[in-house]
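# Summary of the model geometry
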Amino acid sequence: MNGTTLPILHINQFNTLDDNSHFYANTFKKHFEKNQTTITKPHKHDFYLVVVFTKGSGIHEIDFNKYHINPGTVFMLKPGQMHNWSLSKDIDGYIFFHTQSFYDLNYTQRSISNFPFYYSSQNAPFTNLSSKSISEIIPYFIAILHEYDSHKLLKQNKISSLIDLIYIEISRNYLEHKNYNRLISNHYAIKIQELEHLIDANFLIEKSPQQYAEWMHMTTNHLNRITKSVLNKTTSDLIIERVILEAKRLLIHTKDSLTIVASSLGYDDYAYFSRLFKSKCHETPSQFIRKYQ
């Protein structure tokens, strides 16, 4: 495609320290002041992002969903999610980034995707902390920032431990207060993650639920039983949702024609694509572009 593509940001664009290209931390105020031009425009990351707000307000738009920001709001973003900020002048808090390898290096016996907010793209990327929870978790963010700015021995080990404590505290709050997708079993959790990874890698060229079931060595009916049990959606629903999300990204962030956008998503018949988009979004692609702009 010849149109403008969505920028993908890397940690080394933020990190000024030579000893750590896989981790970054800052107060949110300083981070925002330094990177305001970049991060207020829609973009993606190739790393995990966690931010807790302690002051101010605003809107955080993630993959076309808008979330209100208040003191105590925490966001947890996975690599590849599109987002941008609209924030008040008094905004502040703490933020850190880390790569997949940074976490995996220190926790070889478990996966970061086991945390409920990273488990599935269907689960909300935020939670709101109570005053008590804020007072318990903020010292971990402050300790991370102190370590990040230091040159102490075992620096990475301590940062990794503090990240894990933060994830545990966020998970407790998330599981207690969120309407998240409760797992039927660990086996089903693994299968949902496998399916989402397969869809993300192949949705442009493969939209048949039967093919995904075959890749996962099960029948289409059994795969649908898993997705319905965990997410209350069919395999086809998940495939089409991923297509529609990518369609929205392309419609907003490229200058290509609607026909070319549809073709790049695997639909040579634009009329069919337009009907599919309208059935899921209750508006045509043209109407979506006008409303969003």
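## Observations regarding the overall build of the chain
The helix and strand tally for the chain stands at 12 helices and 10 strands. For the chain, the C-alpha radius of gyration of 20 Å lies close to 19 Å, the compact-globule estimate for 293 residues. A principal-axis box enclosing the C-alpha atoms of the chain has dimensions of 60 × 40 × 35 Å. Taken over 293 residues, the chain has a buried fraction of 52%. Summing over all exposed atoms, the chain offers an accessible surface of approximately 14,900 Å²; the carbon and sulfur share of this is 50%. With 31 positive and 27 negative side-chain charges, the chain shows a spacing of 5 Å between the two charge centroids.

## Remarks on helix α11 (residues 270-281)
With 12 residues, α11 extends 16 Å between its outermost C-alpha atoms, agreeing within 8% with the 16 Å of an ideal straight helix rising 1.5 Å per residue. N-capping of α11 is provided by D269, with a side-chain oxygen placed 3.1 Å from the backbone N of A271. Following α11 by one or two positions, H282 has its phi on the positive side, about 60 degrees.

## Comments concerning the sheet that holds strand β7 (residues 73-77)
Judged by pairing direction, the sheet is antiparallel, and its five strands sit side by side in the order β2-β9-β4-β7-β10 without closing on themselves. Of all strands in the sheet, those with a lone pairing partner are β2 (23-27) and β10 (126-128), marking the two edges. When strand polarity is set aside, the average angle formed by the axes of neighbouring strands in this sheet is 10 degrees. One ladder, built from five bridges, connects β2 with strand β9 (residues 92-98); its direction is antiparallel. Paired with A25 across the strands is F96, a residue of β9. Sitting on the sheet, helix α1 (residues 28-39) touches β2, β4 (48-55) and β9, and the angle it makes with β2 is about 105 degrees.

## As for the nonpolar core
F23, F28, F75, W85, F96, Y118 and Y167 are the most contacted members of the largest nonpolar core, which has 52 residues in total. Sorting elements by how many residues they give to this core places helix α5 (residues 155-177) first, with seven residues. Dropping the residues within four chain positions of it, F96 is found in contact with F23, Y24, A25, Y48, L49, V50, F141, I144, I163, I166 and Y167. Among the nonpolar cores identified, the runner-up in size contains 39 residues, and Y119, Y188, I199 and I252 belong to it.

## Thoughts on the pattern of salt bridges
Tallying each qualifying case throughout the model produces 10 salt bridges. Its salt-bridge partner being K291, residue E283 comes within 3.2 Å of it at the nearest N-O pair. Accessibility expressed as a relative area gives 12% for E283, which makes it buried. In this structure, a network of salt bridges that share partners links the residues D63, D200, R242, E246 and R249.

## Topic: the packing of aromatic side chains
The description of an aromatic ring pair uses the distance of the two centres, along with the angle that the planes make with each other. The tally for this structure, following the rule as stated, stands at 38 aromatic pairs. Judged by centre distance (6.1 Å) and plane angle (75 degrees), the rings of Y24 and Y148 are edge-to-face. Taken together, the residues Y24 in strand β2 and Y148 in helix α4 (residues 131-148) connect sequence positions 124 residues apart. Like Y148, Y24 is buried. Over the face of the ring belonging to Y267 we find K207, whose NZ or CZ atom lies 5.0 Å from the ring centre.

## Quick notes on the pairing of strand β5 (residues 58-62)
Counting buried residues in β5 gives four out of five residues, a clear majority hidden from the surface. Of the pairings in the sheet, the one linking β5 to strand β6 (residues 65-69) comprises five bridges and is antiparallel in character. In the sheet register, G58 faces β6, and the bridge partner there is I69. Linking two consecutive strands that pair antiparallel, namely β5 and β6, is a turn of two residues; a positive phi of about 50 degrees is found at D63 within it.

## Details of helix α9 (residues 235-253)
Since there are 3.6 residues in each turn of an α-helix, residues three or four apart along the chain are aligned in direction. With 19 residues, α9 should reach 27 Å at 1.5 Å per residue; the first-to-last C-alpha distance of 28 Å fits that figure. Most of α9 is tucked away, with 16 of its 19 residues classed as buried.

## Focus on the environment of E214
Relative to the helices and strands, E214 resides in helix α7 (residues 209-215). Sequence spacing of E214 and S57 is 157 residues, and the spatial spacing of their C-alpha atoms is 47 Å.

## Focus on the environment of E33
In this fold, E33 is placed in helix α1. E33 sits 198 residues away from L231 along the chain, and the two C-alpha atoms are 39 Å apart.

Conventions adopted
- Residues numbered from 1 in each chain as written.
- Predicted model: local features only at pLDDT ≥ 70, side-chain atom pairs only at ≥ 80, totals over all residues.
- Heavy atoms only, no water.
- Helix = DSSP H or I, 4+ residues; strand = E, 2+ residues; numbered from the N terminus.
- Rg over C-alpha atoms; globule rule 2.2 N^0.38 Å.
- Buried < 20%, exposed > 50% of the residue type's maximum accessible area, 1.4 Å probe, protein only.
- Areas by Shrake-Rupley, 256 points an atom, 1.4 Å probe, with all protein chains shown as cover.
- Lys, Arg positive; Asp, Glu negative; His and termini not counted.
- Charge placed at Lys NZ, Arg CZ, Asp CG, Glu CD.
- Expected span 1.5 Å × (residues − 1).
- Polar contact = N/O pair within 3.5 Å; in protein donor to acceptor, adjacent residues only side chain to side chain.
- Pairing = 2+ DSSP bridges.
- Axes fitted to C-alpha atoms, helices over the stretch in contact; angles between N-to-C directions.
- Contact = heavy atoms within 4.5 Å.
- Core = buried A, V, L, I, M, F, W, Y, C linked by side-chain atoms within 4.5 Å.
- Salt bridge = Lys/Arg side-chain N within 4 Å of Asp/Glu carboxyl O.
- Phe/Tyr/Trp six-rings, centres within 6.5 Å; stacked < 30°, edge-to-face > 60°.
- Lys NZ or Arg CZ within 6 Å of the ring centre and 35° of its normal.

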